[in-house]
Every structure is written in structure tokens, then in C-alpha cells.
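A closer look at the structure
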Amino acid sequence: MGGHNSSELHVLCSSGQLFLQPLWDRLKTWEALIQSPFFPVFFSITTYLGFCLPFVVLDVLCPWVPTLRRYKIHPDFSPSVWQLLPCLGQTLYQHVVFVLPMTLLHWAASPVLLPPEAPELLQVVRHIVLCLLLFDTEFFMWHVLHHKVPWLYRTFHKMHHQNSSSFALATQYMSVGELVSLGFFDMVNVMLLRCHPLTVLIFHVVNIWLSVEDHSGYDFPWSTHRLVPFGWYGGVTHHDLHHSQFNCNFAPYFTHWDRILGTLRFAHAK
């Protein structure tokens, strides 16, 4: 019986690997680009701006399309050009001046090697969930500390709170210290779990999307917190309340740490 179950599991894992192999083979045709030390910065910026752009368009349309206002957490707020441009400039500046040199150093120490085999599908899902849970825990502790210690808040985190009403491009409007901390958490987690390069790419896409969605200011019926059951995921309403009240909802994604420490707050339903 044990051998039979083991065989079934092996077949299931092999099927999961075969499922992702065509995608991985396709990506490997761009191997020279993916292995380039410039790829992480290019990938991060294009993914981030690609996710922000639809929300920027919605913000432009919102004053003229009443239907959109139903889904906006702050219906009377739309970011001005003078709010959008500094956020965009800060993101580009930090990636070129700080993220790129650190990426080059990391690449020089350990160049990217692409294995021939794709990861198993279940392994990808498991690693992404674990990476999100680890990142959620690490940032929760960092976040609480920086709100409780005035010097840390003023030096590293205050910049991110300059926009009390969130919008997508404000997601990465933060100090260099905060950006480096978040990047460090990301890097350590994928190294700790020994994630496959494809898993790393997918995790970064998911992580960037969830961060942008949290700051978008829009609560749609398909928003992530409405898809995850039992209130396990806080989402955009959860994080927007943190920006307006400061002393609650410190976890970026999930709700368990705020629930345990008594810092969980819920927005009033519209």
C-alpha cells in the first residue's frame, strides 16, 4: 500500500513538472537576458509600472465615470500630477542608483544558473505561499518596530506615509532604507527555501501585484481579500486603514499577526 501511494505521488509530481516544462523551456530561450545582471532591475521596474498603469488610468477616469467611484475607497480623492511624478521619479531613481549596484554585486558573487528542468507545480505553489508568509512576518516585525521607535519612523518609514490616501504609484514611495529592507527579506526567503528560478520570478510578480493592489485605493469584487476565505487576508481596505490611522494593521498581507497582537482593525462597510 505504501509503495502504491508513493508511486501515485511520484506520478503527480512528474505531471506537475511536465505542466511547467514548456513554459520554462520558452523562458530559457531568453537565457542570456535572464542571466544578465541588469535583468532583475528591468524585470522589477517593468512589472511594477505595468501593474500601476491600469490604476493610474482608473484615477484619471474616475472623476468622469461615476461607476468607478463605487469601488474607490476615497471617492473624492484622485492623485494629482504633482503627487504621481515624485513617486515615479523616486522609484526610477532608487532602482538605478541603489538597486542596480547591489544587483551587480550579488550577480558577481553568485551568477544566475538556469537548471534544465522546470520545478514541480506543487513545489512552486508551496514555495510561493511560504515566501509570502515569511515576508509577511518579517515586514510585520519591521513595521511595528518602525512605528514604535520615533527615530526609526522619522528616518526610514515616514516618507511612505506622506500620502495619507493611497494610490498605486505610492506603493514604492519610500526611503532607501525601507526599500533595501524589503529587498533583503525577498532575497533571503528565496535563498532559504532554495527556490527554483521560475518560482522566484512568479513570486516576485505575485508580491509586486499584491503590494500595488494594497495601495491602489480600489476595492473591487475580485480584489484578493474578497477571494481568500475566513478573513485571512487583509488586502486594500486593511492597508488603507493603516495609512489613515497609523496604529493598526501592520502586516502587509495576512491578518493573523495583527489578530494575535490586537492591532487588527476593520474598515466600516460602505
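All values reported here derive from a predicted model rather than from experimental measurement.

1. Things to note about the side chain of His-143
Following the sequence through the fold, His-143 ends up in helix H6 (residues 121-148). A distance of 3.0 Å separates a polar atom in the side chain of His-143 from a polar atom in the side chain of His-157. With residues near it in sequence (within four places) discarded, His-143 still touches His-157, His-161, His-242 and Phe-250.

2. Notes on the environment of Leu-27
Residue position: Leu-27 is located in helix H1 (residues 2-28). Spatially, the C-alpha atom of Leu-27 lies 8.8 Å from that of Leu-198, the residues being 171 residues apart in sequence. Non-local contacts of Leu-27, meaning those with residues more than four positions away in its chain, are made with Ile-34, Leu-198 and Leu-201.

3. A closer look at the packing of aromatic side chains
A complete count under the given rule lists 20 aromatic pairs for this structure. On the basis of an interplanar angle of 90 degrees and a centroid distance of 5.7 Å, the ring pair of Tyr-233 and Phe-254 is categorised as edge-to-face. Pair noted here: Tyr-233 is in the loop between helix H10 (224-227) and helix H11 (235-245) and Phe-254 is in the loop between H11 and helix H12 (256-261), with a separation of 21 residues, a long-range link. Overall, Tyr-233 belongs to the buried group, its relative accessible area being 5%. Every member of this aromatic cluster is reached through a ring pair, and the members are Phe-135, Phe-139, Trp-142, Phe-184, Phe-185, Tyr-233, Tyr-253 and Phe-254.

4. Observations concerning the nonpolar core
In this structure, Leu-132, Phe-135, Leu-182, Phe-203 and Tyr-253 are the most contacted members of the largest nonpolar core, which totals 31 residues. Within the residue set of this core, elements represented by two or more residues are H1, helix H3 (39-61), helix H5 (81-109), H6, helix H8 (176-192) and helix H9 (197-215). Counting 20 residues, the second-largest nonpolar core is a separate cluster that includes Leu-58, Leu-84, Met-159 and Tyr-173.

5. Topic: H9
Between the first and last C-alpha of H9 there are 27 Å, a value that for 19 residues agrees with the 27 Å anticipated at 1.5 Å per step. Of all the positions in H9, only Leu-198, Thr-199, Leu-201, Phe-203, Asn-207, Ile-208, Leu-210, Val-212, Glu-213, Asp-214 and His-215 are classed as buried. Count one or two residues on from H9 and you reach Gly-217, which has phi positive near 85 degrees.

6. Quick notes on the UniProt feature "transmembrane region" (unreviewed entry) in the protein chain
According to UniProt, the feature "transmembrane region" (unreviewed entry) maps to residues 38-61 in the numbering used here. In residues 38-61, the share of helix is 96% and the share of strand is 0%. The end C-alpha atoms are 35 Å apart.

7. Structural notes on the UniProt feature "domain: Fatty acid hydroxylase" (unreviewed entry) in the protein chain
When the UniProt feature table is mapped to this numbering, "domain: Fatty acid hydroxylase" (unreviewed entry) covers residues 128-263. Each end of residues 128-263 is marked by a C-alpha atom, and these two atoms are 26 Å apart; helix forms 63% of the span and strand 0%.

8. Brief notes about the pattern of salt bridges
Side-chain pairs of opposite charge can arise where the charged atoms are in close proximity. With the rule as written, the count across this model stands at three salt bridges. Residue Lys-72 is joined to Asp-59 by a salt bridge in which the shortest nitrogen-to-oxygen separation is 3.0 Å. Pair noted here: Lys-72 is in the loop between helix H4 (66-69) and H5 and Asp-59 is in helix H3, with a separation of 13 residues, a long-range link. Each member of the pair, Lys-72 together with Asp-59, is buried. In this structure, the salt-bridge partner of Asp-219 is Arg-226, at a minimum N-O distance of 2.8 Å.

Criteria and thresholds
Residues numbered from 1 in each chain as written. Predicted model: local features only at pLDDT ≥ 70, side-chain atom pairs only at ≥ 80, totals over all residues. Heavy atoms only, no water. Helix = DSSP H or I, 4+ residues; strand = E, 2+ residues; numbered from the N terminus. Polar contact = N/O pair within 3.5 Å; in protein donor to acceptor, adjacent residues only side chain to side chain. Contact = heavy atoms within 4.5 Å. Phe/Tyr/Trp six-rings, centres within 6.5 Å; stacked < 30°, edge-to-face > 60°. Buried < 20%, exposed > 50% of the residue type's maximum accessible area, 1.4 Å probe, protein only. Core = buried A, V, L, I, M, F, W, Y, C linked by side-chain atoms within 4.5 Å. Expected span 1.5 Å × (residues − 1). UniProt positions renumbered as here; feature names shortened; annotations may be inferred. Salt bridge = Lys/Arg side-chain N within 4 Å of Asp/Glu carboxyl O.

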